[in-house]
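Next come the chains, spelled out residue by residue.
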Amino acid sequence: MALTLEQIRADVADVLGEDPADIPGDENLVDYGLDSVRIMTLVERWRREHGTEVTFVDLAEKPAIEQWAPLLGARA
Amino acid sequence: MTLTALNRPVGDAPSRHPVPAGLPLTAAQSAMWDAQARGAACPALTTAEYLDIRGDLDPDLFAQALHRTVAEADALRVRLVDTPSGPRQLPVDVGAPGHGFPLHTADLRGERDPQAAALAWMRADLDVPFDPAAGPLFAHGLLRVGDRRWLWYHRVHHAVLDGYGHSLVARRVADVHTALAAGREPAPSPFGRLAALVEEDTAYRASTAYERDRDHWLRHLAGRPAAPTLAARTAPPSPTTLRHSAHLDPAASARLRELAASVRATWPDVLLAAQALYLARATRSEEVVLGLPMMGRMGSVALRVPGMVMNVLPLRFTVPADATFAELTRQADLGVRAARRHRRYPFADLRRDLGVRAGDHGPAGPPVGPHVNVMPFDYGLTFAGAPSEAHNLAAGPVDDLSVNVYDRADGSGLRIDFDANPARYDAAEVAAHQRRFLHLLTRLADGDPHRPLSQLPLATDEERERVLEEFNDTAVALPPTTLVGPVEARAARTPHATALITADGRQLTYGGLNARANRLARHLTGLGLRPGTRAAVALPPSTDLVVALLAVLKTGAAYVPAAPAHPVSGPHDAAPVCVLTDTATRAALPDAAPPAVVLDDPRLTDALARQLPTDPGRALTPQDPAYVLQGVVVPHSAADNRLRWLQDAYPLEPGDRVLTGAGPGLSACEVLWPLREGATLVLAAPGAHQDPAKTARAIREHAVTTAHFAPSALALFLDGPEAAGCTGLRRVLCSGDVLPHEPVHRFHRALPDTALHHHYGPAEAAGVAHHRCAPAAPGTPVPLGRPVWNTRFYVLDAARQPCPPGTTGELYVAGAQLATNCPQPEAERFSDDPFGPPGSRMYRTGDLARWREDGELEHRGRTGDHPLAP
């Protein structure tokens, strides 16, 4: 099942322990507490549940949901 | 190969000046450059690791992959030179394998232990410093240790590469090797350029984000505590690093991850919180600041540059005694998140902003304590199908302590390295801290994170057993007794032996002294003295004083010395039945003094002559007060325990002559000890404690073998040139307060053949510790010593849990020599002894101390004071 923007936001909120409504689409998620361990958690989760093939470096290079969406093949 | 990026200056250089060659250093590189300039040297400035590769490997292909990867990574191929415009990095040519490429290859399969031989070679290689100005600043080794096993060794100057950079290099070498082995052209280089790194760094320093980040950190560190340290001493950074590696077992590692998930944190947060807890407990601080190394690459071009980027950020914790681990983990999580928002601000700039002074360990000292560096990545690399495991060998310079945690998927659990500055820690200390930290992690993993941590001990079970039992193994069965019984026995056996010599040379035999004391005792009994009552004694050091002391004890009453400077009966004293004094002293006594027994009154002399000179009958009174010193009530059993221990530790013989403490008043124990053992008591002249020459003359003239001094009086005595002439002294006993090292040093110089013993103890627990002072270098602190017979010491942390050896805590004492009572506010210092037999008590000394590994106590200041410099 392909990822959606909504699902990305929900998963990011989950690893950060925040409300999805508080996670912006265009801001640097590092400022919201995203770290390498949490990015690795997302990489693993999305590989397992959605068959994506992004690497840690791909996500860490531009840590914002809107930047990730094309890498993850997500639609709004 | 051309290196255009390196040759191109960044930004618009002023055209009138010649453009300096190469590139400036990034902030992270500068920090390492400065460390080197401050005297740090290789190997501490090296980072190194090796990959254990299991399988078939073509060493020539591997060398090609290595060379190709290095050629792609311009950040690696630099040398560092100082120029008038600051340090610059210049490109350096690196030859092909076999033509100058720094790759050492060896087949160690012929060695008895090939892996050990390989590791030995690596360690030796780590000691060879790089020449920054010459370069290259990296080196490789490929060591064959089995038919299908290879160790790839890689070391780099830390100004060139950090830990994450190592992983980038290793991954690319593996990919290139795998492609070459399959006959494929490797994928294009994933690496970014060094120039991009420098450019990003330069842009950041000129940005408003830089200003914002600085403001954040200065606010965050306002009122910061001194950097916590576990070290017993201060010292500058060393050229080497002391490393102890250990693994947290896989089960405990897994439980820690579950614990982290249960409180919605990550397992690195748990490790940070645990280290904060450990530090806070071990340093008695409610606030600690850890150093948090950050890979510093998120959202940055640096993610693809194998260079030096990492930064260190302060992580401040508040650790109240009753905090829960869930709360501490939450602090770690929030703290790391906040730090991450301001992650780029260079640590070196922060030190500068804070005005940190090198060598200062107070509020102007370093802003952070030990670093906790969590590396959550396993490489999981394969080389043409051969799997590998990465092992770190060196992680860079260490000012104090760095806890490096590696999560590598080899099934061995978390690897937890303690890297220490060897000038501050010895191997045993590092090992002990590491063992304790792992023990703490295991307990946390097994515990409820929502329970207060106040009951969680820092010491391991083995350490607890050692500090509570082994160091306090002092039990000796003693018969119940009174203090004066042994004096009477001596008088009966050797009535003609000399018991007493006064300052003016008059002598009194045991028979004579005992008879005088007996007559006075019988008289005092007639006045109502008996067990449970008190008699004040206001007399100068004299024969009369000794007689009075013995007489009061013979009645069973308690002796209350009352120097004229002190009121005879304070508000806390049970009122004395009478005061024993002389005509001269009586005039200085307050009007409200109890009835006086004036020893030089002729009417008393007549009355005493009518009393019998034989020993009066006495009940055994071990628990009754023997004397009361400024309100502190000391029972017979406590004083007797002390005197028996003294006699066992350094036996007095009848030929010994013992000079009493040259101070105001006389200590009951100092008087009684020689008289119980058949030795001779020598009374110092009044005021002799302020006159070293007088004291020395008394020691020489009366052939004194044993002398008592208060610490201050000893220092004064040693000021005089006469002290060195007192060579007949066999031993000097120094009692009471903490003994500074300076008089001890002078003592051994003046009297090299005389033993110096120190007896520590407050009035409420006099003489509870003993230390024989050995000659030591100036500046060496004098230990408090070990507990005497039937005495136990506890060094407790803020949660009243026993501190392990080496950790400072508050000193408590329990056992036979405790006073039974004392005035407020000191009375509140007594409490139930939770570690002793039921009903026993302990006394809080107010001193800070720590156990040495050998079971001696060291003094570390007073509670409420600033702790001593670490």
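These numbers come from a predicted model, not from an experiment.

Visitor: Looking at this structure, how should I read the overall build of chain A?
Guide: A tally of regular secondary structure across chain A gives four helices and zero strands. Starting at the N terminus and ending at the C terminus, chain A contains elements arranged as α-α-α-α. Radius of gyration (C-alpha) of chain A: 11 Å, near the 11 Å computed for a compact globule of 76 residues. In terms of overall dimensions, chain A has C-alpha extents of about 25 × 25 × 20 Å along its principal axes. Taking all 76 residues of chain A together, the buried fraction comes to 26%. Sequence-distant contacts, at least 24 apart, represent 59% of the contacts inside chain A between residues at least 6 apart.

Visitor: For this particular structure, what's the right way to read the overall build of chain B?
Guide: Along its length, chain B carries 23 helices and 35 strands. Taking 29 Å as the expected radius of gyration for a compact globule of 870 residues, we find that chain B reaches 36 Å, considerably beyond that expectation. For chain B, the spread of C-alpha atoms along the principal axes amounts to about 120 × 60 × 55 Å. In chain B, which comprises 870 residues, the proportion classed as buried is 50%. Restricting the contact set of chain B to residue pairs at least 6 apart, pairs at least 24 apart contribute 72%.

Visitor: What is the right way to look at the interface of chain A and chain B in this model?
Guide: Each partner contributes residues to the interface: chain A has 15 residues there, and chain B has 14 residues. Of all the secondary-structure elements, those providing two or more residues to the side of chain A that touches chain B are α2 (36-50) and α3 (56-61) of chain A. Looking at which element gives the most residues to the side of chain A that touches chain B, the answer is α2 of chain A, with four residues.

Visitor: Sorry if this is basic, but what is going on with the pairing of strand β11 (residues 371-375) of chain B here?
Guide: Remark: a regular strand shows side chains that alternate across the two faces of the sheet. Residue and element names in this part refer to chain B. Taking burial as the measure, the five residues of β11 include five buried ones, the bulk of the element. With burial as the criterion, each face of β11 is covered, one bearing His371, Asn373 and Met375 and the other bearing Val372 and Val374. Inspection of the sheet shows β11 paired to strand β14 (residues 401-406) by five bridges, in the parallel sense. In the strand pairing of β14, asparagine 373 is matched with asparagine 404.

Visitor: Mind showing me how you'd approach helix α2 (residues 27-37) of chain B here?
Guide: What sets the pattern is the α-helix's 3.6 residues per turn: residues three or four places apart point alike. Residues and elements named next belong to chain B. Of all eleven residues making up α2, nine are buried, and the element is well covered by its neighbours. Ala27, Ala28, Gln29, Ser30, Ala31, Met32, Trp33, Ala35 and Gln36 are the residues of α2 that are buried. Residues of α2 that are buried in the fold lie against β3 (78-83), β4 (86-91), α6 (194-205), β10 (311-318) and α11 (347-353).

Visitor: What's the story with the domain arrangement of chain B in this structure? I'm lost.
Guide: Interfaces are often sized by the amount of accessible area the parts lose when they come together. Residue and element names in this part refer to chain B. Split into domains, chain B comes out as domain 1 (4-195), domain 2 (226-376 + 399-464) and domain 3 (790-870). Domain 2 and domain 3 are separated by 29 Å when their C-alpha centres are compared. Domain 2 puts 20 residues into the contact, and the matching count from domain 3 is 16 residues. Residue assignment for the side of domain 2 that touches domain 3 shows that the elements contributing at least two residues are α9 (267-283), α12 (427-446) and α13 (461-470). When residues in the side of domain 2 that touches domain 3 are grouped by element, the largest group, four residues, is from α12.

Visitor: What is the right way to look at the sheet that holds strand β1 (residues 23-24) of chain B in this model?
Guide: Hydrogen bonds between backbone atoms are what pair the strands of a sheet, whose relative direction is either parallel or antiparallel. Residue and element names in this part refer to chain B. Across the sheet, three strands lie side by side as β1-β4-β3; this open sheet has antiparallel pairing. One side of each edge strand has no neighbouring strand; the edge strands of this open sheet are β1 and β3. Two elements, β3 and β4, share six bridges in a ladder whose sense is antiparallel. Its bridge partner lying in β4, aspartate 82 is registered against proline 87.

Visitor: For this particular structure, what's the right way to read the sheet that holds strand β5 (residues 103-107) of chain B?
Guide: All names here are of chain B. Strand order in this open sheet of six strands is β5-β6-β7-β2-β13-β12, and the pairing throughout is mixed. Each edge of the open sheet is held by one strand with a lone partner, namely β5 and β12 (382-383). Two elements, β5 and strand β6 (residues 138-146), share five bridges in a ladder whose sense is parallel. Within β6, the residue paired with aspartate 107 across the bridge is arginine 144. In this fold helix α4 (residues 114-126) packs onto β2 (46-54), β6, β7 (149-157) and β13 (386-395), with an angle of close to 170 degrees to the strand it touches most, β6.

Visitor: For this particular structure, what's the right way to read the pairing of strand β29 (residues 769-773) of chain B?
Guide: Residues and elements named next belong to chain B. Burial of β29 is extensive: four of the five residues sit out of reach of the surface. As defined by bridge partners, strand β28 (residues 755-760) adjoins β29 across five bridges and the pair is classed as antiparallel. What sits directly across from histidine 757, in β29, is arginine 772. In the sheet, β29 pairs with strand β30 (residues 786-787) via two bridges, with the strands oriented antiparallel. By the bridge assignment, histidine 770 is partnered in β30 with arginine 786.

Visitor: What's the story with the environment of alanine 710 of chain B in this structure? I'm lost.
Guide: Residue and element names in this part refer to chain B. Its location among the elements puts alanine 710 in the loop between β26 (706-709) and α22 (711-719). On the basis of neighbour count, alanine 710 is assigned to the partly exposed category, with 19 C-beta atoms found within 10 Å. Distance from alanine 710 to leucine 733, taken between C-alpha atoms, is 8.4 Å for residues 23 residues apart in sequence.

Visitor: Quick question: what am I supposed to make of the nonpolar core here?
Guide: Generally speaking, nonpolar side chains in soluble globular proteins are found buried as a group. All names here are of chain B. Counting 267 residues, the largest nonpolar core has Ala276, Ala535, Val537, Ala548, Leu549, Val552 and Tyr559 as the members making the most contacts within it. In terms of residue count, α9 provides more of this core than any other element does, twelve residues in total. If near-sequence neighbours (up to four positions away) are discounted, valine 552 is found in contact with Leu524, Leu529, Ala535, Val537, Ala557 and Tyr559.

Visitor: Before we go on, may I ask you to explain the environment of proline 20 of chain A in this structure?
Guide: All names here are of chain A. Note that proline 20 resides in the loop between α1 (5-16) and α2. For proline 20, a count of 15 C-beta atoms within 10 Å puts it in the partly exposed group. Remark: the alpha-carbon pair of proline 20 and glycine 33, spanning 13 residues in sequence, is separated by 14 Å. With near-sequence residues (within four places) excluded, proline 20 lies in contact with Arg9, Ala10 and Ala13.

Visitor: Any chance you could explain the packing of helix α8 (residues 250-262) of chain B against α12 of chain B here in plain terms?
Guide: How two helices sit against one another is set out by the angle between their axes and by the gap between those axes. Residues and elements named next belong to chain B. Remark: α8 packs on α12, axes separated minimally by 9 Å, with the N-to-C direction vectors making an angle of 55 degrees. Between α8 and α12, the crossing angle belongs to the class labelled oblique. Crossing of α8 against α12: the hand is left-handed. Every residue of α12 that contacts α8 at Ala252, Arg255, Leu256 and Leu259 is listed here: Leu441, Thr442, Leu444, Ala445 and Asp446. For the contact of α8 with α12, a count of residues per class yields six nonpolar, one polar and two charged.

Visitor: Sorry, what's going on with unusual backbone geometry here?
Guide: What you tend to see is this: most non-glycine residues have negative phi, and most peptide bonds are trans. All names here are of chain B. The step from glycine 135 to proline 136 runs through a cis peptide bond, and the omega angle for that step is -10 degrees. With respect to the secondary-structure elements, proline 136 resides in the loop between α4 and β6. Positive phi, close to 60 degrees, is recorded for arginine 800, a residue that is not glycine. Within the secondary structure, arginine 800 is located in the loop between β31 (791-796) and β32 (809-815).

Visitor: Even after reading the chapter, I still don't get the confidence of the model for chain B, so can you show me in this structure?
Guide: Fine structural detail should not be taken from predicted coordinates in areas where pLDDT scores are low. All names here are of chain B. For chain B, per-residue confidence averages 89 on the pLDDT scale, and residues scoring 70 or more make up 93% of the total. Here residues 1-15 scores under 50 on pLDDT; set against residues more than four positions off or in separate chains, the count is 22 contacts. Here residues 866-870 is modelled with pLDDT under 50, and outside its nearest four sequence neighbours on either side it reaches 14 contacts, counting other chains as well. Model confidence for the complex: the whole-complex pTM is 0.82, and ipTM, which rates the interface, is 0.86.

Visitor: Help me understand the packing of α9 of chain B against helix α10 (residues 325-341) of chain B, please; the structure alone is not making it clear to me.
Guide: Residue and element names in this part refer to chain B. Closest axis-to-axis distance for the α9/α10 pair is 8 Å, and the angle between their directions is 115 degrees. Between α9 and α10, the angle is such that the two are roughly perpendicular. Seen from above, α9 lies across α10 with right-handed handedness. For the pair α9 and α10, contact is made by Asp269, Val270, Leu272, Ala273, Ala276 and Leu277 and by Phe325, Leu328, Thr329, Gln331, Ala332, Asp333 and Val336, respectively. Residue composition of the contact of α9 with α10, grouped by class: nine nonpolar, two polar and two charged.

Analysis parameters
- Residues numbered from 1 in each chain as written.
- Chains lettered and ligands numbered in written order.
- Predicted model: local features only at pLDDT ≥ 70, side-chain atom pairs only at ≥ 80, totals over all residues.
- Helix = DSSP H or I, 4+ residues; strand = E, 2+ residues; numbered from the N terminus.
- Rg over C-alpha atoms; globule rule 2.2 N^0.38 Å.
- Buried ≥ 20, exposed ≤ 12 C-beta atoms within 10 Å, placed from the backbone.
- Contact = placed C-beta atoms within 7 Å.
- Pairing = 2+ DSSP bridges.
- Domains from an automatic or database assignment.
- Axes fitted to C-alpha atoms, helices over the stretch in contact; angles between N-to-C directions.
- Core = buried A, V, L, I, M, F, W, Y, C linked by C-beta atoms within 7 Å.
- Parallel < 35°, antiparallel > 145°, perpendicular 65-115°, else oblique.
- Left-handed = near helix turned anticlockwise from the far one by under 90°.
- Nonpolar A, V, L, I, M, F, W, Y, C, P; charged D, E, K, R; others polar.
- pLDDT = per-residue confidence, 0-100.

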